[in-house]
Amino acid sequence: MSSWLGGLGSGLGQSLGQVGGSLASLTGQISNFTKDMLMEGTEDGPADLLNSGREENEATHSVLRSENERLKKLYTDLEEKHEASELQIKQQSSSYRSQLQQKEEEINHLKARQIALQDELLRLQSTAQSVHPGSGRVPAATASPSLSYGISHVSAFHEDDMDFGDVISSQQEINRLSNEVSRLKSELGHWRHIAEVQGTQSSDQTEICKLQNIIKELKQNRSQEIDDHQHEMSVLQNTHQQKLTEISRRHREELSDYEERIEELENLLQQGGSGVTVTDHSKMYDMQNTIQILQTEKVESTKKIEELEDKIKEIYKRLSSAEHEREVWKREQEQLEEEKRQLTEQCERLKLECSTSQPFARGQRDVVTEEERTPPQSSSVAEVLRLQQALTDAENEIMRLSSLNQDNSLAEDNQKLQMCVQILEKEKSLLSQEKEELQLSLSKLSSECEVITSIATRDVDLLSQVRDLKLNLEEKEQELNQSIHENEVLTAELEELDRQNQEATKHVILIKDQLSKQQSEGDSVIKKLKEELDDGKQRIHQLEDDKMNIIKELDTQKEKLIHSERALSDLQLTKQKLEDKVEDLVDQLSKSEKNNFNLQKENCELREHIRQNEEELSTVRSELTRSQSQDSNSNWKDDFLKERETEVRNLKQNLSEVEQLNEHLKQVAFDLRTENEKLVVACEDVRNQLEESVTGNSQVSLERTAMLETLKHEKAQLEAELCGAEKRLLEEAKKYKQTIEELSSTRSLTTSALQLEHEHLVQVSQEKDSEIAELKKSIEQMDTDHQQTKESLLSSLEEQRQLTQLINEKEICIVKLKERSSQLQGELDKCAQTLRENETLRQTIEEKDRSLGAMKEENNHLQEELERIREQQSRTVPMPEPRALDSITELESELSRLHIIKDHLEEEIKHHQKMIEDQNQNKLQLLQSLQEQKKEMDEFRYQHEQMNITHTQLFLEKDEEIKNLQKTIEQIKAQLHEERRDIPTENSDIFQETKVQSLTIENESEKHDLSKAETERLVKGIKERELEIKLLNEKNISLTKQIDQLSKDEVGKLTQIIQQKDLEIQALHARISSVSCSQDVVYLQQQLHAYAMEREKVMVVLNEKTRENSQLKTEYHKMIDIISAKEAALIKLQDENKKMSTRFESSGQDMFKETIQNLSRIIREKDIEIDALSQKCQTLLTVLQTSGTGSEVGGVNSNQFEELLQERDKLKQQVKKMEEWKQQVMTTVQNMQHESAQLQEELHQLQAQVLVDSDNNSKLQVGYTGLIQSYERNETKLKNFGQELAQVQHSIGQLCNTKDLLLGKLDIMSPQLSPGSSLTAQSAEPLKAGQSAGPCEPSQLLQQEVDDLRRSLQEKDATIRTLQENNHRLSESVAASSEVGRREHEQTDSEIKQLKEKQEILQNLLKEKDLLIKAKSDQLHSSNENFTNKVNENELLRQAVTNLKERILILEMDISKLKGENEKIVETSRGKETEYQALQETNMKFSMMLREKEFECHSMREKALAFEQLLKEKEQGKAGELNQLLNAVKSMQEKTVTFQQERDQVMLALKQKQMENTTLQNEVQHLRDKESRLNQELQRLRDHLLESEDSHTREALAAEDREAKLRKKVTVLEEKLVSSSNAMENASHQASVQVESLQEQLNVISKQRDETALQLSVSQEQVKQYALSLANLQMVLEHFQQEEKAMYSAELKKQNQLLAEWKKKAETLEGKVLSLQERLDEANAALDSASRLTEQLDLKEEQIEELKKQNELHQEMLDDAQKKLMNLVSSTEGKVDKVLMRNLFIGHFHTPKNQRHEVLRLMGSILGVKREEMEQLFAEDQGGVTRWMSGWLGGGSKSVPSTPLRPSQQSVFNSSFSELFVKFLETESHPSVPPPKLSVHDLKPLDSPGRRKVDASIPGSSKGVAEPRAGRRTDLSPFLAPRSAAVPLINPAGHGPGGPGHLLLKPISDVLPTFTPLPVSPDNSAGVVLKDLLKQ
């Protein structure tokens, strides 16, 4: 109420100060007053009187209804009043400003009071600090911002003009300051109470005060920050409004100036005289000045807009800084978490007091919560919105001003300004978007580059992984186990975190429940907390995702560690080899030194750990002293101990997780603190309200209430202090006990660990001492034994060390020089680039300067042309007025454009100048750096030369020492025995060679850059030196053997020499640093590794550079293509522009030239005509004069007058033609201008289309390239898929082949036995044919033959038996072979089964490998696809960037070209305008000349008429009158001339009058319009005044009613005051009673205070004890640190052991890998052998199939042959050859009877009948026929051998024919003779003639049968002739060598083989035999 009444009083004071126009605001305030009063009436009504309340409610309801209706009417009125109030506000502004000054003075007074109050506060706080230091930190911070705020606020008001909104804001600030004053007063009272109470209070209350002070100060700072922000926003708004008002005022002034100048120009144009030209020139200059001023003002307005944008940016920056400060305050407020419990207790106590004054506090509490709820972010957003609204208002005002302007030119300027602003805003937004997109693209590119690099590394790893799959599988399994373990650990940790989160949430929910019971306002805060908790959970999820990413990164790092471990293992192997080669002494020394070095390192590390622990202890102590929370410390210590117990690798992860949890808990704590602060604020407000209510109720009871309040405060504070002190004592006791226990435990642990460490160190030192003693002994022994060897070895080692040191130094120098050279080269490249850029910038600046000069020249030309145009306009008669105005506006617009261009160019020049200055600075810096680097290079060179000199000196010294040593060695060798001759003396040579090599290497390293080859040389040199050391060791052993063989004298000499060498060695030791060779080796290995790493880096960099080069080349080619296309398009456009310009210029110039030529021709003709007329006139005058002087009659006729008249008519016609032609020229010129404008528009359209087409073309090109790339990708993918398909098919085919081969092996392995047909062939030996003897020989021959046959039979039986035995043996061997084959088959089956199992295992392995390979290939393809996609995206992005750059460059070039073309067009247009103006001038001149000529013609005509009259008079004879007439004519001519001049003047005056009339008419119309507007405004104002009077009367009536109501209320309130005074008296009586009771309570409390003082003394003693215990704890902590050192050393040992175990595992795994690789090789070899066997098996199967087919064919042939043989035997044995019988019979009978006996003898000799038998036949004549028949029947055919007759058959001759025939059949059915035997000599080869004849004699049928079956055996033996070839006895062909004779007449051996052919088995071919051999 008080604030509202104060605001109302201030508003009434302001409104009454200027009653003239503040009726509207007064009515609004009165209406608000009525509303508030009614609301108070409803609120303050007592609860006891219900009936009166109802009546009042009904009355208020009716009043409210009436007021609502009245307010509706007022709303409609106020809408109309709003317009009038805007006019009135302007009048009120002056009065408001005076009031503002007063208010500012009041503000200054209030601020002075505030400063005084703050000073008092500071004094009180300083008194509080004197009692308890540490609480006076923040008030200074509160004072300074208030002071700064006041200063800034005061300075903000005096600068600028004030407005109505400023008045309102100042009033609000006054109210705020008054509230602050009241608040400060309440705080003063509070601090006074605290100062009074502090003498009696304990130390605990000071902490509460401190916390309250801090909270208050934080609130003050926050409110001050908010106020500062609001003040800054208001200042910016004020400045913005002021600038807008200034701009609008300037626009109005400029408009008025323009209007005045336009009117003046119109007047000047109307007047248009010679005397007016001077004023015209001055006004034109004024116009130019005004144009320039306007342009400068436009530039200033643009600059102001930019400044406003900069200010907006600064506001945003301030907002961001304010948010940052707010975060800082949040962090500071997080420390105040645990004070909440105490404050909640105080709140509970204060709420008991608040219950009495809750209805008062609610409104203010709502205000406070609303103020607290609005964060600075909303204020910042509101500020931004206000600025945007101000900008929109400014734009609206500019639009309104432009609408007020009637002139088109200013409207266009305003529109252009708006367009420029909009374009600038659009460009700004576009640039910001492009910037964001570029940043996004940069981030994407960086991520993609990282992905690409990771993919590339992964690809390299994949290639190695394909080779080492099994290793990776095992490693990955181990890593999986580890990751599973880690995941379990992480899940456990996450569960713990979740539990902690749940506990924290439960705690927060409990606190929220308590606060919800205490205050209903905390619900909204709890909702916010829940939302923030959800956000925290989301953050936890995000952190979990981050944790997973970190685990992935750890996996990758583990892989890298594994690779590094492999490399380390390799290096260690090489190191071990090198160390084995070094002697044992050096190894032991190096081990001892290494152990000492490691101990030193461990000591350093432990010292560092001790320092870290001490720092952590100091932090722990500070936190123990500062913080009061036990839980956080204990948790922190537990976490600390747990983290120490966990592994070293997981420390960082656990720390990060704990920090995240702490941050989350801190956020929750901060939220709770914000709630706490709100509660404290509410409590403080309640206290302030209580104090105000107590002070406001009655002034009488101030002292009693003050006493009561002080007693209550003292009681509450004492109780709170007692409770707090007890609690704190208990908590501190618990804390101290816990800390003592913890420190004692840690002390015990540290002491035990330190003792263990001490013992361990003592043992190690003892061991080391023993080892050193042993080493010393061994060293002494070895020194006595091998001193000579030591000399050589030590000299070589020392030289080697020196050389290695020198080499290392030089390597370092060379590396430094390389780095410097590379840096210098990079800087030189940068300098070259900057120089190039400077040159380009200089060129651009020179071009811009040239263009500026051209522009200035063009400006000068334009100004000159403008002056000419104005002169011409001043000279010429103003015929086309609108055209002149249009031309002026066009020129002004062009001028404005040119000025804008000029400004842009000036800005660009400034920018380029800045760039040049920056680059010059960069140049200077680079030159300075170059000079410094040159100096450094010179220093390095000097150092290098010095190093070379020192090296050469050292080398010379070393050479001398080497020579001395060689001499001594030679002396020793000379003294040795002759047996040493066998030992090679190559030592010195080797040393010389090595030294020479080392010297050459050093010289080369000095000369050349040290590269990989030199490092390899060094390694080789080290190896050679190691070999030399070995050789020296061997030689030393041999020398020692020889020394043992030497005599004692030689030994004595040698000992002397050895002692000398020992002295030399000691001197050398003193010179050379004792660096071990092993360290050199390690150092060289490290250098090698570093050089390899550098090489890899260099290679990577080179690869990247090559890629970038290739990409840049492609981009360069694309750029060239695009540039060529753009150039072609630009050339086309330029050609078209040139053509258009040439057409335009040629057409315009031709037209103008033609017009000028025609006009000049006509003028010449006119001049000629005028000259002719003048000459005629002169002749006439002369004639008249002569005629006048003489008396003769003139010869002038009327013909001459007629000619003159005709000429006059012609001239008139020509003049008319000229005028018509002039009008045509004017129309053509106007048409040309219109056409030129249209052509320019078309040009612009064409250019826009060309730009659009170029954009489309670029887009299409990009799309085309993308499609081509996608097509190429698809093709590559298809090729890859095809290759994969081929590989898969190949693998499938291989698997099928292996399967078929294995199955074929199983089928084929059954043994195939060869048939025994060969045996039958061998057994079937051929039998000899029965050699028939003649029947005529004696029986002895028959007996001999019988014996021979018997013998042959016996032989044959024997052969048969042998054959049978052979058959038995063969069958047995076949059975045995079959058994062996079966066994072999079984073995092969078992082997095949094993092979099948192996094959299945291998197939499974192959399948797994195939699956793995497929998976890896899929991963490779996917990664390749991703890589290609990323590369393509990168290329596309780069192409897009390059295309955008190219487009920008091309657009800039096009813009520059278009600017040039526009300038050219402007120049041409200006030239044409000048030509047009010149033509107009010439036209005017010609028109004037024509008028003059017409006037002259007219005068000549008058003269001619006068002459005619004179001639007529002269004819009449009046000569005297002629003279008079001539004089009269002359006078008349003069008069006519004067009349014509007067006429011209009158015409000009008439035209001026007409112009003045038109202007006056326009002014009259304008004035009439103004009068009409003023009349309308008068009528509106009258209506408004009437309505306002009506409203005032109504309001006066309403005010009277309200006064009556208020008086009633006042009476009621007086009654209430009386009752309340009575109640107060009662209350004062009760208070006195309470005071007495309180005094009694005070006595009790003072006793309690004494008790607490005693407790305090006890507690102080305890504190001293605790301090002593803390001193002890420090000692314990030191022990604890030592224990931690021991723990760390133990952990280090464990980790070293783990490393050793891992190395062992890695070695075992490598062994396994090697074994697996061997198995794989064996399996691959087995597979290769299996494939070979399968190929052999396939070949054998094919051969077996072919042989089977051949067997089948042979069996078929055999079956056919056997059948035919059987048929032949059955047919030939039982038949007789008819031909033979017929020949014999016919031959017998054809011979004569005398010679028939000879024929019969012949037949007998042929038939083999003996001579005796033939003679007996010839002798016997009786039985001839029977004998012949019997012989015929018994002999048989020739083909079958004749069986010898048995003795029983001799009696058959006398038997009958039938009996003989039956016997013949019996004998023929039982053949007993075996087939004849064939001799080798009787055989013929295949190509013999007999053979050929046989073949030829075969009939066609048989050949046809035999050929297909014998087709496969054409190359067989002659034994395999076809069996079906039956041989006839007669050669049917008849072309043999014997002619067509009988076969029997020829020798048997030549014709027939007389044996049955033997069947040979088909298996006896060569292929089968070879196969059988292969099988065996």
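To be clear, the structure that these remarks concern was listed above.
Residues numbered from 1 in each chain as written. Predicted model: local features only at pLDDT ≥ 70, side-chain atom pairs only at ≥ 80, totals over all residues. Heavy atoms only, no water.

### So, the overall build of the protein chain
Scanning the protein chain for helices and strands turns up 36 helices and zero strands. By residue count, 28% of the 1976 residues in the protein chain fall in the buried class. Long-range contacts, defined here as pairs at least 24 residues apart, represent 88% of the contacts in the protein chain between residues at least 6 apart. Surface accessibility of the protein chain: about 131000 Å² in total, with carbon and sulfur atoms responsible for 55%. (Helix = DSSP H or I, 4+ residues; strand = E, 2+ residues; numbered from the N terminus. Buried < 20%, exposed > 50% of the residue type's maximum accessible area, 1.4 Å probe, protein only. Contact = heavy atoms within 4.5 Å. Areas by Shrake-Rupley, 256 points an atom, 1.4 Å probe, with all protein chains shown as cover.)

### Digging into the packing of helix 28 (residues 1778-1790) against helix 29 (residues 1796-1807)
Put simply, helix 28 and helix 29 touch, their axes get as near as 8 Å, and they point 155° apart. Put simply, helix 28 runs roughly antiparallel to helix 29. Crossing handedness for the pair helix 28 and helix 29: right-handed. Here helix 28 contributes Leu1784, Gly1787, His1788 and Phe1789 to the contact with helix 29, which in turn contributes Arg1796, Val1799, Leu1800 and Met1803. Residues belonging to the contact of helix 28 with helix 29 are distributed by class as follows: five nonpolar, two polar and one charged. (Axes fitted to C-alpha atoms, helices over the stretch in contact; angles between N-to-C directions. Parallel < 35°, antiparallel > 145°, perpendicular 65-115°, else oblique. Left-handed = near helix turned anticlockwise from the far one by under 90°. Nonpolar A, V, L, I, M, F, W, Y, C, P; charged D, E, K, R; others polar.)

### Observations concerning the pattern of salt bridges
Evaluated as defined, the whole model comprises 15 salt bridges. The shortest N-O distance in the salt bridge between glutamate 67 and arginine 1602 comes to 4.0 Å. Placement of the pair is glutamate 67 in helix 3 (residues 50-131) and arginine 1602 in helix 27 (residues 1519-1773), with a sequence separation of 1535 residues. Like glutamate 67, the residue arginine 1602 is buried in the burial classification. With its nearest N and O atoms 3.0 Å apart, the salt bridge here joins glutamate 475 to arginine 566. A residue pair is termed long-range when its members are at least 10 positions apart, and glutamate 475 in helix 12 (residues 469-518) and arginine 566 in helix 13 (residues 522-581) qualify at 91 residues. With relative accessibility at 26%, the residue arginine 566 sits in the partly exposed group. What emerges from the salt-bridge pattern is a single network uniting Arg176, Glu180 and Asp227. (Salt bridge = Lys/Arg side-chain N within 4 Å of Asp/Glu carboxyl O.)

### Some words on a nonpolar patch on the surface
On the surface, Val1098, Met1099 and Leu1102 cluster together to form a nonpolar patch covering roughly 260 Å² of accessible area. Residue placement: valine 1098 occurs in helix 23 (residues 1077-1189). (Patch = residues over 30% accessible without salt bridge, like charges linked within 9 Å, V, L, I, M, F, W, Y side chains within 5 Å.)

### A closer look at the packing of aromatic side chains
Overall, the coordinates contain one aromatic pair when judged by the stated rule. The aromatic ring of tryptophan 1702 is capped on one face by lysine 1705, whose charged end is 4.8 Å from the ring centroid. (Phe/Tyr/Trp six-rings, centres within 6.5 Å; stacked < 30°, edge-to-face > 60°. Lys NZ or Arg CZ within 6 Å of the ring centre and 35° of its normal.)

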